[in-house]
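A structural walkthrough
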Amino acid sequence: MWRFLTPQGRPSSREVIAVAAADVPADGALVLPRQRCAVVKNGGAVLAVDLKCPHLGCTVSANPDGFVCPCHGSRFKSDGELLKGPAARGLERLEVAEHDGVLTITPEEG
């Protein structure tokens, strides 16, 4: 129970994440639980979001409508925008680059 009530840090790995662009479903999300992020195709745009809820750091889950925090019920659109709190802001976006069909995601520092 205590883990749901306290902020959780991001895994220590700061390695760049690489995934095949073809692995990301059209108008869906490729969830990378070990890296605690998701790569999302929304129309023609590709973006990545950190799965750490900005409220207390729980890991959000993907659902057909976007993302939801299992700890306190915050809801987010598929692009990470906040729909409903208690979180005060949306999910953090991560830098994504594409080259030769490979997406690279750069986790934030700290």
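Numbers given to residues run from 1 along each chain, matching the order in which its sequence is written. Note on the predicted model: pLDDT of at least 70 is required for a residue's local features to be given, and 80 or more for side-chain atom pairs to be given and counted; whole-chain, interface and lining totals, by contrast, use all residues. Hydrogens are left out, water is left out, and the side-chain values use all remaining heavy atoms of the structure.

This part takes up the sheet that holds strand 7 (residues 75–76). In a beta sheet, neighbouring strands pair by backbone hydrogen bonds and run either parallel or antiparallel. Any two strands are treated as partners once DSSP identifies two or more bridges connecting them. Helix and strand definitions follow DSSP, with helices as H or I runs of at least four residues and strands as E runs of at least two, each counted in order from the N terminus. Pairing is antiparallel in the open sheet, where four strands are placed in the order 5-6-7-8. Among the strands making up the open sheet, the edge pair consists of strand 5 (61–63) and strand 8 (82–84). In this sheet, strand 7 lies alongside strand 6 (residues 66–68) in antiparallel orientation, the contact comprising two bridges. Across the sheet, F67 pairs through a bridge with F76, a residue of strand 7.

Read across the sheet, six strands follow the order 1-10-9-4-3-2 without closing on themselves; strand pairing throughout is antiparallel. Where the open sheet ends on each side, the last strands, each with one partner, are strand 1 (17–20) and strand 2 (29–32). Across the sheet, the axes of successive neighbouring strands diverge by a mean angle of 25 degrees, strand direction being ignored. To obtain each axis, a line is fitted to C-alpha atoms, and for helices this fit is confined to the stretch in contact; angles are then taken between N-to-C directions over 0 to 180 degrees.

Our focus in this paragraph is unusual backbone geometry. Leaving glycine out, the prevailing phi sign among residues is negative, and the prevailing peptide bond configuration is trans. Its identity is not glycine, yet R36 carries a phi of approximately 55 degrees, on the positive side. Buried means the residue's accessible area, taken with a 1.4 Å probe over protein chains only, is under 20% of the maximum for its type, while exposed means over 50%, and partly exposed covers the values in between. Look at R36 and you get buried, because its relative accessible area is 5%.

Bringing the state of the cysteines into the picture now. Pairs of cysteine sulfur atoms within 2.5 Å are what we label disulfides. For the coordinates displayed, the defined rule picks out one disulfide. Each disulfide pairs two cysteine sulfurs, and for C58 the partner residue is C71, the sulfurs being separated by 2.2 Å. Across the disulfide from C58 to C71, rotation about the S-S bond amounts to roughly -110 degrees, and the bridge is consequently left-handed. With C58 in the loop between strand 4 (45–50) and strand 5 and C71 in the loop between strand 6 and strand 7, the pair connects residues that are 13 residues apart, well separated along the chain.

The rule for a salt bridge is simple: a side-chain nitrogen of Lys or Arg has to be within 4 Å of a carboxyl oxygen of Asp or Glu. The tally for this structure, following the rule as stated, stands at two salt bridges. The closest approach of N and O atoms between E81 and K77, which form a salt bridge, is 3.7 Å. The class for E81 is partly exposed, based on a relative accessible area of 42%.

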